Amino acid sequence: METALSLAVANLLSPMVLFFALGMAAALARSDLAIPEAVAKGMALYLMLAIGFKGGASMAAHGLELRLVGAVVAGLVLSAAMPLVAYALLRSTTGLPPTDAAAVAAHYGSISIVTFLAAVQALTTAGIPHEGYMVAVAAAMETPAILVALWLARRGNAVAPGSGSLDGRGLREILLNGSIVMLLGSFAIGWITGAEGLKTLSPFIVDPFKGVLCLFLLDMGVIAGRGFREGRKSLTPQVVVFGLYMPLIGGALGAVAAILVGLSPGGTALMITLAASASYIAVPAAMRLALPEARPAVYLPLSLGVTFPFNLTIGIPLYVAAATWIG
Amino acid sequence: MLMHPKKRIEIVVEAPVVGRLLSVLDDLAVTGYTVLPALAGRGREGSWRREGLVGEAGRMVVVFCIIDAQRVDVVLEPVFKLVSRQIGIVTVSDVSVIRPEHF
């Protein structure tokens, strides 16, 4: 209990969470604070490169484990199963129509890579090591949820002819989206070049990492604050509550998967975080293509304005404490 | 100056769909089009601002092309088939051009 509390306080008072809070407060106060779009995009790519490369270098140092396969399979199963749970809860508790419920369910089955980044940083700060290959698990968890949610929408008979499915082009766009290519590509380069490569890139990807993450989270705070402001108009209390308890349900499923695979406490914390997080980049774009009847005014503010801030402030220390307790 | 009447098709469409829309225009051998990012707007789904969005979803772009009046139906049908389920607007207006052979 004491560990959980000290982790929570340390997380809440960390520069990255405080910068996120600053951005959110600025947006709620209607300040014009904004990071230029190109800068934000550049920072996102930098963070993907850094986290992917470090994960690959860590795997090179510890060797290829059979657990990697187990962790990726567990991630795939989680991503496919969570939309089923989310959809059932949404339909029974929120009154959302089938298309909106399916779209929201896709977001909660998929993952937020920024939440993952923040969890990795929280583990690093707390001195808790983790499996480098969790980067690959994160990449694997992005897509299955989308396919399952589209199946749920078709099954609900609430979609127009031609809707509720992705063609080959759509699938390729999701599988090869820039973040995933950068993350997995950097992971592979880190794995190939190992400790020597990490030493070479260390001044670029290790020392400045925290500062860039703070600036990036300031921007995310601004965006989340705007999302929350918009969400107040379009989200019912039941839907907002779903955005707060679904991460805990997903996290619990993630913990079970981590125990079955036999991950370390650090790896368990990351698996819980991945399962608890909700997408707000890849899935919304996929939903606009494949399920345009679903309202973005519901799923975007819910994921970005409710669940993301919850995970960043309360969720991550809770997941790290739970993983430490399990381990 | 001698001017020639043409039709201008303007499509305001969601950013995730724009790649497909341009493919349709390419397949229809539309001789030229222009794509512009939209900064902010308001519609039936509420208001939005480009700077308040983290990904492509929710962003809008404007695509316009100028074609001969005889080709309007040929171009509009597949374009409308693609964008009819999405958030957006399709308009057709009369314009005058100086170099008709370009369209």
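Reading the values: rules and limits
Residues numbered from 1 in each chain as written. Chains lettered and ligands numbered in written order. Predicted model: local features only at pLDDT ≥ 70, side-chain atom pairs only at ≥ 80, totals over all residues. Heavy atoms only, no water. Helix = DSSP H or I, 4+ residues; strand = E, 2+ residues; numbered from the N terminus. Buried < 20%, exposed > 50% of the residue type's maximum accessible area, 1.4 Å probe, protein only. Contact = heavy atoms within 4.5 Å. Areas by Shrake-Rupley, 256 points an atom, 1.4 Å probe, with all protein chains shown as cover. Lys, Arg positive; Asp, Glu negative; His and termini not counted. Charge placed at Lys NZ, Arg CZ, Asp CG, Glu CD. Rg over C-alpha atoms; globule rule 2.2 N^0.38 Å. Buried area = accessible area lost by both parts, 1.4 Å probe. Salt bridge = Lys/Arg side-chain N within 4 Å of Asp/Glu carboxyl O. Pairing = 2+ DSSP bridges. Axes fitted to C-alpha atoms, helices over the stretch in contact; angles between N-to-C directions. Phe/Tyr/Trp six-rings, centres within 6.5 Å; stacked < 30°, edge-to-face > 60°. Polar contact = N/O pair within 3.5 Å; in protein donor to acceptor, adjacent residues only side chain to side chain. Core = buried A, V, L, I, M, F, W, Y, C linked by side-chain atoms within 4.5 Å.

**Q** What is the right way to look at the overall build of chain B in this model?
**A** From N to C terminus, chain B includes 2 helices and 6 strands. Along the chain direction, N to C, the helices and strands of chain B fall in the order β-α-β-β-β-β-α-β. Each of the three principal axes of chain B carries a C-alpha extent, and together these read 45 × 30 × 20 Å. Looking at chain B as a whole, 38% of its 103 residues qualify as buried. For chain B, restricting intrachain contacts to residue pairs at least 6 apart in sequence, the fraction spanning at least 24 positions comes to 80%. For chain B, the accessible area works out to roughly 5900 Å², and carbon and sulfur atoms hold 55% of it. Taken together, the 13 basic and 12 acidic charged side chains of chain B have centroids lying 4 Å from each other.

**Q** Honestly, the overall build of chain A in this entry has me stumped. Any pointers?
**A** Of the regular secondary structure elements, chain A holds 15 helices and 0 strands. Its C-alpha atoms give chain A a radius of gyration of 19 Å, near enough to 20 Å, the size a compact globule of 327 residues would have. Counting only C-alpha atoms and orienting by the principal axes, one finds that chain A spans roughly 55 × 45 × 40 Å. Of all 327 residues assigned to chain A, the portion counted as buried reaches 56%.

**Q** Please explain the interface of chain A and chain B as it appears in this structure.
**A** One widely used convention gives an interface's size as the accessible area the parts lose upon coming together. Residue-level contacts link 25 residues of chain A with 19 residues of chain B. Of the roughly 1800 Å² buried between chain A and chain B on both sides combined, carbon and sulfur atoms contribute 52%. Contact with chain B buries area across many residues of chain A, yet Arg169, Arg288 and Leu289 of chain A alone supply 29% of it, more than any other trio. Taken together, the connections running from chain A to chain B amount to 4 salt bridges. Measuring nitrogen to oxygen at the nearest pair gives 3.2 Å for the salt bridge that ties Glu37 of chain A to Arg59 of chain B.

**Q** Would you mind going over the sheet that holds strand E1 (residues 4–14) of chain B with me for this structure?
**A** One key point about sheets: their strands pair by backbone hydrogen bonds, in either a parallel or an antiparallel sense. Residues and elements named next belong to chain B. Spatially, 4 strands are ordered E2-E5-E1-E6 in an open sheet, and the strand pairing comes out antiparallel. The sheet terminates laterally at strand E2 (34–37) and strand E6 (88–97), the two strands that pair on one side only. Between one strand and the next, the sheet's axes are offset by a mean angle of 20°, whatever the strand orientation. Relative to strand E5 (residues 60–67), E1 runs antiparallel, the two sharing 8 bridges. Considered in E5, the bridge of Ile9 is made with Cys65. Strands E1, E2 and E5 of the sheet are contacted by helix H1 (residues 18–27), whose axis makes an angle of about 10° with E5.

**Q** What am I meant to see in the environment of Gly43 of chain B here?
**A** Residues and elements named next belong to chain B. Within the element layout of this structure, Gly43 appears in strand E3 (residues 40–43). Given a relative accessible area of 43%, Gly43 falls into the partly exposed group. With 44 residues separating them in the primary sequence, Gly43 and Ile87 have C-alpha atoms 8.8 Å apart.

**Q** Is there a simple way to think about unusual backbone geometry in this case?
**A** The bulk of non-glycine residues show a negative phi, and the bulk of peptide bonds are trans. The backbone of Arg30 of chain A shows a phi angle near 60°, a positive value even though the residue is not glycine. The residue Arg30 of chain A is located in the loop between helix H2 (15–28) and helix H3 (37–62) in this model. Positive phi is not limited to glycine here, since Ala29 of chain B has a value of about 55°. Considering the arrangement of structural elements, one finds Ala29 of chain B in the loop between H1 and E2.

**Q** Please explain the packing of aromatic side chains as it appears in this structure.
**A** The relation between two aromatic rings is expressed through the spacing of the ring centres and the mutual angle of the planes. Residue and element names in this part refer to chain A. All told, the structure shown has 6 aromatic pairs over all chains when counted by the stated rule. Between Tyr280 and Phe308 the ring centres are 5.2 Å apart and the planes differ by 65°, which places this aromatic pair in the edge-to-face class. Highlighted residues: Tyr280 in the loop between helix H13 (265–276) and helix H14 (282–290) and Phe308 in helix H15 (residues 296–326), separated in sequence by 28 residues. Take Tyr280: its relative accessible area is 3%, and that puts it in the buried class. What makes Phe308 buried here is its relative accessible area of 2%.

**Q** Is there a simple way to explain the side chain of Ser303 of chain A in this structure?
**A** All names here are of chain A. Mapped onto the elements of the fold, Ser303 is located in helix H15. A distance of 2.6 Å separates a polar side-chain atom of Ser303 from the backbone oxygen of Ser279. Setting aside anything within four residues of it in sequence, one finds Ser303 in contact with His107, Tyr108, Ala278, Ser279, Tyr280 and Phe308.

**Q** Got a minute to help me understand the pattern of salt bridges in this structure?
**A** Think of it this way: side chains of opposite charge can pair up when their charged atoms draw near. All told, the structure shown has 11 salt bridges over all chains when counted by the stated rule. One connected set of salt bridges, linked through shared partners, spans Glu37 of chain A together with Glu56 and Arg59 of chain B.

**Q** It is not clear to me how the nonpolar core should be interpreted in this structure. Could you clarify?
**A** Note that soluble globular proteins tend to have their nonpolar side chains buried in a common cluster. Residue and element names in this part refer to chain A. Phe116, Met134, Leu217, Met220 and Phe308 are the most contacted members of the largest nonpolar core, which totals 72 residues. Element by element, the count of residues in this core is highest for helix H11 (residues 209–234), at 10 residues. Setting aside anything within four residues of it in sequence, one finds Phe116 in contact with Ile51, Met134, Val135, Leu270, Thr273 and Leu274. Counting residues in hydrophobic clusters, the runner-up holds 35 residues, among them Val104, Ala106, Ile174 and Tyr299.

**Q** It is not clear to me how the environment of Leu123 of chain A should be interpreted in this structure. Could you clarify?
**A** Residue and element names in this part refer to chain A. Here Leu123 lies in helix H6 (residues 113–126). Separated by 193 residues in sequence, Leu123 and Ile316 place their C-alpha atoms 9.5 Å apart. Those residues in contact with Leu123 that lie beyond four places of it in its chain are Ile128, His130, Gly266, Ala269, Leu270 and Val320.

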